[in-house]
Amino acid sequence: MIDLSGKRALVTGGSRGIGAAIVEALAENGADVAFTYQSSSEKASAVARSVESRGRRAVAIQADSADPQAIARAVEDAVAALGGLDILVNNAAIGHSGNIADLNLDDYQTLMDVNVRAPVLFAKAVIPHLRDGGRIITIGSALGERVPFPGVTPYAMSKAALTSFTRGLSRELGPSGITVNLVQPGATDTDANPADGTAADFQRSLTSLGRFGEPKEIANAVVFLASSAASVITGATLTADGGAIA
Ligand code: NDP
């Protein structure tokens, strides 16, 4: 039985896909939730209403993860609205496809800013607010572990960096009773990677279960790591990919 009553969470990229499922699952288990989004204001409002329908507080904050000032403001706004923070979920990220030989440097920089620098900056801003029992959970990717096809090298690199981020930060925050963990989804049915997309059958063929994951299944892993049931787990990676990298 998981009980997150009284916990206050900040989720990045909570307007759609896996992030929206995480926001709703945290609220379902009793947490109040602030979340960021980039441009989907109507979808963000719908997610906020869904949280409020569960009797929890919701705060939707427009903040581009590529902008350090927006990140600092988002954390300030979340703390002000919820009265503090207990859980950070670094979820927002962008994809990138193409070979290194064709790499556009601006695209590469934006990818690294959103996928790597933003989780670091969100953690830096949130750490002063966390107390014993606090949680930092980051969404990586199974592609950060193994790269079974070409054309995703920069994205895989950005997600691999989050493993060292998680391990190193767990060493820094362990003495304060704060855990830091990584969830690595495999192919999950979202706007970014629809289960009926052109490469979907190939991705399914890589898995043991023969299917995509659902956003809710990734959210379940996050809720577990956010809970007291995971109190001794830190610096760990939980891969939720249907066995794709088994
Ligand atoms: P989606 O593209 O479906 O949703 C992305 C979310 O992040 C949206 O809420 C979006 O906001 C937000 N976001 C994107 N860029 C920014 C930005 N610059 N600033 C603020 N918010 C931003 O992605 P998924 O749900 O598929 O992916 C979620 C996480 O899971 C990511 O970390 C991804 O790398 C990881 N993942 C996904 C897999 C999959 O197969 N789907 C597989 C492995 C990992 P807005 O709605 O406003 O655009």
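Residues numbered from 1 in each chain as written. Predicted model: local features only at pLDDT ≥ 70, side-chain atom pairs only at ≥ 80, totals over all residues. Heavy atoms only, no water.

### Examining the environment of Ala195
Move 1: With respect to the element layout, Ala195 can be found in the loop between β6 (179-185) and α6 (200-206).
Move 2: Along the backbone, Ala195 and Tyr155 are 40 residues apart, and their C-alpha atoms lie at a distance of 19 Å.
Move 3: Contacts of Ala195, omitting those with residues within four sequence positions, involve Asp189, Ala200, Arg204 and Phe212. (Helix = DSSP H or I, 4+ residues; strand = E, 2+ residues; numbered from the N terminus. Contact = heavy atoms within 4.5 Å.)

### Some points on the packing of aromatic side chains
Move 1: Under the criterion given, the structure shown has 1 aromatic pair.
Move 2: Measuring from ring centre to ring centre gives 5.5 Å for Phe149 and Phe202, while their planes differ by 70 degrees; the resulting arrangement is edge-to-face. Of the two residues, Phe149 sits in the loop between β5 (135-139) and α5 (153-173) while Phe202 sits in helix α6, which places them 53 residues apart along the sequence.
Move 3: A relative accessible area of 22% places Phe149 in the partly exposed class. (Phe/Tyr/Trp six-rings, centres within 6.5 Å; stacked < 30°, edge-to-face > 60°. Buried < 20%, exposed > 50% of the residue type's maximum accessible area, 1.4 Å probe, protein only.)

### Some points on the site of the ligand
Move 1: The local shell around the ligand holds 31 residues, among which Ser15, Ser39, Ser40, Tyr155 and Thr190 are the closest.
Move 2: At 2.8 Å, a backbone N or O of Gln38 approaches an oxygen atom of the ligand.
Move 3: Protein burial of the ligand: of its 910 Å² of free accessible surface, 93% is covered by the chains.
Move 4: Elements that contribute at least two residues to the shell around the ligand include exactly α1 (17-28) and α5.
Move 5: Looking at the shell around the ligand residue by residue, the class counts come to 12 nonpolar, 15 polar and 4 charged. (Near = heavy atom within 4 Å. Polar contact = N/O pair within 3.5 Å; in protein donor to acceptor, adjacent residues only side chain to side chain. Areas by Shrake-Rupley, 256 points an atom, 1.4 Å probe, with all protein chains shown as cover. Nonpolar A, V, L, I, M, F, W, Y, C, P; charged D, E, K, R; others polar.)

### Re helix α7 (residues 215-226)
Move 1: With 12 residues, α7 should cover 16 Å at 1.5 Å per step; its first-to-last C-alpha distance of 17 Å lies within 8% of that length.
Move 2: Among all positions in α7, only Pro215, Ile218, Ala219, Ala221, Val222, Val223, Leu225 and Ala226 are buried.
Move 3: Lining the buried residues of α7 we find α1, β4 (87-90), β5, β6 and β7 (237-240). (Expected span 1.5 Å × (residues − 1).)

The analysis is restricted to geometry; functional conclusions fall outside its scope.
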